[in-house]
Amino acid sequence: MITVDKSSTEKRTSDSLLSVVIPIYQEESHIKNSIKVIEKILIDNKIVYEFILVDDGSKDNTWNELKSLSKENEHITIIRLSRNFGKESALCAGLEYAKGDMVLVMDADLQHPPEIIPSMVNAWLNEGYDVVDGVKHSRGKENIIYRGCAKFFYYLIYKSTDVHLGRASDYKLLDRKVVEAWKELPERTIFFRGMSAWVGFERKEIEFDVADRIDGKSKWSITRLIRLAINAITSYTSVPLHFITFLGFIMFIIALILGVQTLFMKLSGKASDGFTTVILLLLIIGSAIMTSLGIIGIYLTKIYKEVKARPRYLVSDCIKGGDDKC
Ligand code: UDP
Ligand code: MG
């Protein structure tokens, strides 16, 4: 059983350490500037901070930019993953390395406005919240397909789990005990938003407007998004599996009705020339079986991956404030 250490609640002072965890992938053009913008806000508000910057296997100059950032600054720890593991894994790496009494998770592209950090810290420090969720007031510039898919995806999650993630984002402040609880969760494939909603705790929402990306492009292609959506739904709920049982039940009822009708026709000597019916039935049953097998396959792959129990990420380099030890 996982028990949560309550002692951290008493340690909330204005000197408490804030770890800012940022996953970074191919952001060479603006990363230095973005970190400076965030850092200025932290300094102006007298927040004690450290940065945990995770380079998620970028192939551009991001790592060198991060190195030069950390050389000048002892507050910055940089971690390099051995390849691109994806944002969720990079976040995990950052959470493992963070030492703060509270941990802030945000994107590198300033789409999560750093101006609200002081009010998030305040909600933790003075109002006693354990999780401060940044929720999207508006979703910023997105194309229609992206917006439509996001809507549909959140609708599916909402319908199957009753958890509303529609406005949720990965911009969050977590208390130390929440991070510890999260670290105990053993699964390999993760969906950060879902899992941090699952752990519960006292939470407060703070709204923000999604800013435009400062530079560069969004890393989410349509295929990556579809993969994320399938991963998220199957990590978060087993409703699709129950849906198969439900489908089977409906098919059974239809089979009963049709069976009785066919027998009746046969016995009364009026057996129809039911070629179309046979074709239709074959098609419907065939596609239902294929889809069902597919859904089972997705869950099977997930179990397979979990059983292999490979690490979520591999670290190839870690530098803290100029020297080589982390
Ligand atoms: N990111 C990452 N690994 C990836 C893709 C993205 O660490 O494989 C980081 C990226 O550098 C950024 C954050 O995740 O800090 C959000 O990515 P992006 O801005 O591309 O997503 P969007 O804002 O469009 O959802
Ligand atoms: Mg972005």
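Data block above holds the structure.
What counts as what
Residues numbered from 1 in each chain as written. Chains lettered and ligands numbered in written order. Predicted model: local features only at pLDDT ≥ 70, side-chain atom pairs only at ≥ 80, totals over all residues. Heavy atoms only, no water. Helix = DSSP H or I, 4+ residues; strand = E, 2+ residues; numbered from the N terminus. Rg over C-alpha atoms; globule rule 2.2 N^0.38 Å. Buried < 20%, exposed > 50% of the residue type's maximum accessible area, 1.4 Å probe, protein only. Contact = heavy atoms within 4.5 Å. Areas by Shrake-Rupley, 256 points an atom, 1.4 Å probe, with all protein chains shown as cover. Pairing = 2+ DSSP bridges. Right-handed = clockwise from strand over helix to strand, strands pointing away. Near = heavy atom within 4 Å. Polar contact = N/O pair within 3.5 Å; in protein donor to acceptor, adjacent residues only side chain to side chain. Nonpolar A, V, L, I, M, F, W, Y, C, P; charged D, E, K, R; others polar. Salt bridge = Lys/Arg side-chain N within 4 Å of Asp/Glu carboxyl O. Axes fitted to C-alpha atoms, helices over the stretch in contact; angles between N-to-C directions. Core = buried A, V, L, I, M, F, W, Y, C linked by side-chain atoms within 4.5 Å. Patch = residues over 30% accessible without salt bridge, like charges linked within 9 Å, V, L, I, M, F, W, Y side chains within 5 Å. Phe/Tyr/Trp six-rings, centres within 6.5 Å; stacked < 30°, edge-to-face > 60°. Lys NZ or Arg CZ within 6 Å of the ring centre and 35° of its normal.

### A short note on the overall build of the chain
Line of reasoning, step 1. Across its full length, the chain carries 10 helices and eight strands.
Line of reasoning, step 2. Relative to a compact globule of 326 residues, whose C-alpha radius of gyration would be 20 Å, the chain shows 25 Å and is clearly more extended.
Line of reasoning, step 3. Principal axes of the C-alpha set define a box for the chain whose edges measure 90 × 45 × 40 Å.
Line of reasoning, step 4. Considering the chain as a whole, with its 326 residues, one finds that 41% of them fall into the buried category.
Line of reasoning, step 5. Sequence separation of 24 or more characterises 84% of the internal contacts of the chain that already satisfy a separation of 6 or more.
Line of reasoning, step 6. Surface accessibility of the chain: about 18000 Å² in total, with carbon and sulfur atoms responsible for 62%.

### Examining the environment of Leu-263
Line of reasoning, step 1. Checked against the element boundaries, Leu-263 lands in helix H9 (residues 239–267).
Line of reasoning, step 2. Residues Leu-263 and Ser-19, 244 residues apart in the sequence, show an inter-C-alpha distance of 72 Å.

### A word on the pairing of strand E1 (residues 17–24)
Line of reasoning, step 1. Among the eight residues of E1, seven are classified as buried, and the element is accordingly described as predominantly covered.
Line of reasoning, step 2. Relative to strand E2 (residues 48–55), E1 runs parallel, the two sharing eight bridges. Within the sheet, the bridge partner assigned to Leu-17 lies in E2 and is Val-48.
Line of reasoning, step 3. Considered for its hand, the β-α-β crossover made up of E1, helix H1 (residues 31–44) and E2 is right-handed.

### Digging into the site of ligand 1
Line of reasoning, step 1. Neighbouring residues of ligand 1: 18 residues in total, closest Glu-27, Asp-56, Asp-109, Ser-218 and Lys-219.
Line of reasoning, step 2. Ala-108 has a polar backbone atom sitting 2.9 Å from an oxygen atom of ligand 1.
Line of reasoning, step 3. Gln-111 places a side-chain nitrogen or oxygen 2.7 Å from an oxygen atom of ligand 1.
Line of reasoning, step 4. Isolated, ligand 1 exposes 530 Å² of accessible area, and the fraction of that covered by the protein chains is 92%.
Line of reasoning, step 5. Residue composition of the shell around ligand 1, grouped by class: six nonpolar, four polar and eight charged.

### Some thoughts on the pattern of salt bridges
Line of reasoning, step 1. Inspection of every chain in the model, using the stated rule, returns 12 salt bridges.
Line of reasoning, step 2. Between Asp-130 and Arg-12 there is a salt bridge, with the nearest N and O atoms lying 2.7 Å from each other. Here Asp-130, found in the loop between helix H4 (117–125) and strand E5 (131–138), pairs with Arg-12, found in the segment before E1; they are 118 residues apart in sequence, far enough to count as distant.
Line of reasoning, step 3. Given a relative accessible area of 5%, Asp-130 falls into the buried group.
Line of reasoning, step 4. Note that Asp-175 is salt-bridged to Arg-12, the shortest N-O span being 3.4 Å. Of this pair, Asp-175 sits in strand E6 (residues 168–175) while Arg-12 sits in the segment before E1, placing them 163 residues apart in sequence.

### Brief notes about unusual backbone geometry
Line of reasoning, step 1. Even without glycine at this site, Lys-46 takes up a positive phi of about 55 degrees.
Line of reasoning, step 2. Here Lys-46 shows up in the loop between H1 and E2.
Line of reasoning, step 3. For Ala-309, which is not a glycine, the phi torsion comes out positive at approximately 50 degrees.
Line of reasoning, step 4. Relative to the helices and strands, Ala-309 is located in the loop between helix H10 (275–308) and strand E8 (315–320).

### Some words on the packing of H1 against helix H2 (residues 62–71)
Line of reasoning, step 1. Two numbers describe how H1 lies on H2: the axes approach to 9 Å, and their chain directions differ by 40 degrees. Side by side, H1 and H2 meet where Ile-31, Lys-32 and Ile-35 of the first sit next to Glu-65, Leu-66, Ser-68 and Leu-69 of the second.
Line of reasoning, step 2. For the contact of H1 with H2, the per-class residue count stands at four nonpolar, one polar and two charged.

### So, the nonpolar core
Inside soluble globular proteins, nonpolar side chains tend to come together where they are buried.
Line of reasoning, step 1. Counting 35 residues, the largest nonpolar core has Leu-18, Ile-22, Phe-51, Leu-53 and Ile-117 as the members making the most contacts within it.
Line of reasoning, step 2. When residues of this core are assigned to their parent elements, the largest contribution, five residues, is made by H4.
Line of reasoning, step 3. Listed in part, the 26 residues of the second largest apolar core include Val-21, Val-54, Phe-85 and Met-195.

### Brief notes about a nonpolar patch on the surface
Line of reasoning, step 1. A cluster of nonpolar side chains, Phe-275, Ile-279, Leu-280, Leu-281, Leu-283, Ile-284, Ile-285, Ile-289, Met-290, Leu-293 and Ile-296, forms an exposed patch at the surface whose accessible area comes to about 1100 Å².
Line of reasoning, step 2. Note that Phe-275 resides in helix H10.

### Here we look at the packing of aromatic side chains
Line of reasoning, step 1. Applying the stated criterion across every chain, the model contains two aromatic pairs.
Line of reasoning, step 2. With a centroid separation of 5.7 Å and 70 degrees between ring planes, the pair formed by Tyr-49 and Phe-51 is classed as edge-to-face.
Line of reasoning, step 3. When the centroid spacing of 5.4 Å and the interplanar angle of 80 degrees are considered together, the rings of Tyr-171 and Phe-208 count as edge-to-face. Of the two residues, Tyr-171 sits in strand E6 while Phe-208 sits in strand E7 (residues 203–209), which places them 37 residues apart along the sequence.
Line of reasoning, step 4. Taking the relative accessible area as the measure of exposure, Tyr-171 reaches 0% and is therefore buried.
Line of reasoning, step 5. In this structure, Arg-83 is placed above the aromatic ring of Phe-85, and the distance from its NZ or CZ to the ring centre is 4.0 Å.

So, to be careful, I would describe these as geometric facts and stop short of saying anything about function.
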